[in-house]
Amino acid sequence: MSERVNRQAVPLHEHERLRPMRMRLWWIAISPTVWAIHFLASYITAAIWCEKMMAGNLRPLQFSVAIYTAIALPAIGWVGWASYRNFRRGDPPVPYDFDDPTDRTHFLGFTAFLLSVLSVVATLFTALVFVLIGSCD
């Protein structure tokens, strides 16, 4: 009964129905997870590359990190863009003083957007290390 009431309280957008973020709580973890996968893939690749090719050309390593970054940034950007759209729908009041599904949806959208921005910065800093390194030492 309360589930039905909560779903009806979320405002409608012009052409789309706003899905309550409560149903997509995992959404706020996507961007940091993509960054973490990018981080692990980059450093595991570097560890394997440096172990097998001690003194050699680092261009293949940098190229593989560039590919990981090219995959991670659009994924994080998409989550951030969708979260920002979810946050801006319905002209949300700030601060979030009311505990209702609409405020929770906007708050989670805002949180997911900020985490996406942070994940973009973290991904770029991770990739920057591989641009600046000159050797495996």
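Here the structure is a predicted model, which means the values were calculated and not measured.

Draft legend 1. Examining the overall build of the protein more closely. Within the protein, the regular secondary structure consists of 4 helices and 0 strands. Reading the helices (α) and strands (β) of the protein from amino to carboxyl end gives α-α-α-α. Within the protein, the fraction of its 137 residues that count as buried is 31%. Here the contacts in the protein between residues at least 6 apart in sequence split such that 75% fall between residues at least 24 apart. With an accessible surface of roughly 8,900 Å², the protein has 68% of that area assigned to carbon and sulfur atoms.

Draft legend 2. Main features of a nonpolar patch on the surface. On the surface, a nonpolar cluster with roughly 520 Å² of combined accessible area is contributed by Phe39, Leu40, Tyr43, Ile44, Ile48 and Val129. Per element, the largest residue contribution to the nonpolar patch is 5 residues, and it comes from helix H2 (residues 30-52). By the secondary structure assignment, Ile48 is in helix H2.

Draft legend 3. A look at the environment of Gly109. Mapping Gly109 onto the fold places it in helix H4 (residues 101-132). You can call Gly109 buried: its relative accessible area is 0%. Sequence-wise, Gly109 and Phe87 are 22 residues apart; in three dimensions their C-alpha atoms are separated by 4.6 Å.

Analysis parameters
- Residues numbered from 1 in each chain as written.
- Predicted model: local features only at pLDDT ≥ 70, side-chain atom pairs only at ≥ 80, totals over all residues.
- Heavy atoms only, no water.
- Helix = DSSP H or I, 4+ residues; strand = E, 2+ residues; numbered from the N terminus.
- Buried < 20%, exposed > 50% of the residue type's maximum accessible area, 1.4 Å probe, protein only.
- Contact = heavy atoms within 4.5 Å.
- Areas by Shrake-Rupley, 256 points an atom, 1.4 Å probe, with all protein chains shown as cover.
- Patch = residues over 30% accessible without salt bridge, like charges linked within 9 Å, V, L, I, M, F, W, Y side chains within 5 Å.
- Salt bridge = Lys/Arg side-chain N within 4 Å of Asp/Glu carboxyl O.

Any functional reading would require information that these geometric values do not contain.
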